[in-house]
Amino acid sequence: MANVGHGKKFEIAKAKLLKSAMKLFLENGYQATKISDITSDAKVDGNAVARVFGDKESLVAELVKYVLDTQFKMASEMVKDKSEDPLLLYMTETVLQLYMAESDERMREMYNTSYTFERSKSIIYETIKGKLEKILKDYIPSYD
């Protein structure tokens, strides 16, 4: 990541860019959305994406992390008072992910796009691998 430091202004710019990118990717698609569209919508300096993320692909990786974290938090809330079974939690998260990925054409495009970039694909695999390892250790004690 090309960030040049963390501070309040940096975090504000990052949040604005992520929000604008998500909105524009879903409205227009990844390919049709230019970095200048994102910075304009976010009302930040034209070089902010380069300073904060490095490039458009790295911005997608940050969005992937955010979406995965949000999905797991939503799933946790949905099963919180119903069950402590980690398998049910993972199944709930998977249903949310499938619903989101199939909810509309632009979301499906972003889902597919995220798997074309090494960094975002790695984030997805490592996050899911970590969740599955936690779940499977209880159900398959010999899992290594």
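Definitions and limits used
- Residues numbered from 1 in each chain as written.
- Predicted model: local features only at pLDDT ≥ 70, side-chain atom pairs only at ≥ 80, totals over all residues.
- Heavy atoms only, no water.
- Helix = DSSP H or I, 4+ residues; strand = E, 2+ residues; numbered from the N terminus.
- Buried < 20%, exposed > 50% of the residue type's maximum accessible area, 1.4 Å probe, protein only.
- Areas by Shrake-Rupley, 256 points an atom, 1.4 Å probe, with all protein chains shown as cover.
- Core = buried A, V, L, I, M, F, W, Y, C linked by side-chain atoms within 4.5 Å.
- Polar contact = N/O pair within 3.5 Å; in protein donor to acceptor, adjacent residues only side chain to side chain.
- Contact = heavy atoms within 4.5 Å.
- pLDDT = per-residue confidence, 0-100.
- Phe/Tyr/Trp six-rings, centres within 6.5 Å; stacked < 30°, edge-to-face > 60°.
- Lys NZ or Arg CZ within 6 Å of the ring centre and 35° of its normal.
- Arc of directions from axis to C-beta.

Observations regarding the overall build of the chain
- Scanning the chain from N- to C-terminus turns up seven helices and zero strands.
- For the chain, the N- to C-terminal ordering of α and β elements is α-α-α-α-α-α-α.
- In the chain, buried positions account for 33% of the 144 residues.
- Accessible surface computed for the chain: about 9,000 Å², of which carbon and sulfur atoms make up 56%.

Overview of the nonpolar core
- Ranked by internal contacts, the top residues of the largest apolar core, which has 27 residues, are Leu17, Phe25, Ile38, Phe53, Leu59 and Val60.
- Listing elements by their share of this core, those giving two or more residues are α1 (8-28), α2 (35-42), α3 (48-52), α4 (56-79) and α7 (118-139).
- At seven residues, the largest contribution of residues to this core is made by α4.

Quick notes on the side chain of Ser120
- One can find Ser120 in helix α7.
- Look at Ser120 and you get buried, because its relative accessible area is 0%.
- In terms of polar contacts, Ser120 uses its side chain to reach the backbone carbonyl oxygen of Ser114, at 2.5 Å.
- For Ser120, the contacting residues outside a window of four places in its chain are Val60, Ala61, Val64 and Ser114.

Quick look at the confidence of the model for the chain
- Of all residues in the chain, 95% attain a pLDDT of 70 or more, and the chain-wide mean is 88.
- Taken element by element, the chain is modelled with least confidence in helix α5 (residues 86-103), mean pLDDT 85, and with most confidence in α2, mean pLDDT 96.

Description of unusual backbone geometry
- Unlike most non-glycine residues, Lys43 shows phi in positive territory, near 60 degrees.
- For Lys43, a relative accessible area of 70% puts it in the exposed group.

Notes on the packing of aromatic side chains
- In this structure the tally under the stated criterion is four aromatic pairs.
- Ring plane angle 55 degrees and centroid distance 6.0 Å describe the contact between Tyr115 and Tyr125, whose orientation is recorded as tilted. Here Tyr115 is found in the loop between α6 (105-114) and α7, whereas its partner Tyr125 is found in helix α7, with 10 residues between them in sequence.
- Classification of Tyr125 as partly exposed rests on a relative accessible area of 47%.
- Clustering of aromatic rings is evident, with ring pairs tying together Phe25, Tyr30 and Phe117.
- If you follow Lys56 out to its NZ or CZ, it ends over the ring of Tyr30, 4.2 Å from the centre.

Side note on α2
- Among the residues making up α2, those that are buried are Ile38, Thr39 and Ala42. The buried residues of α2 occupy an angular sector of 95 degrees when projected down its axis, which confines them to one face.
- At the C-terminal side of α2, Lys43 shows a positive phi close to 60 degrees.

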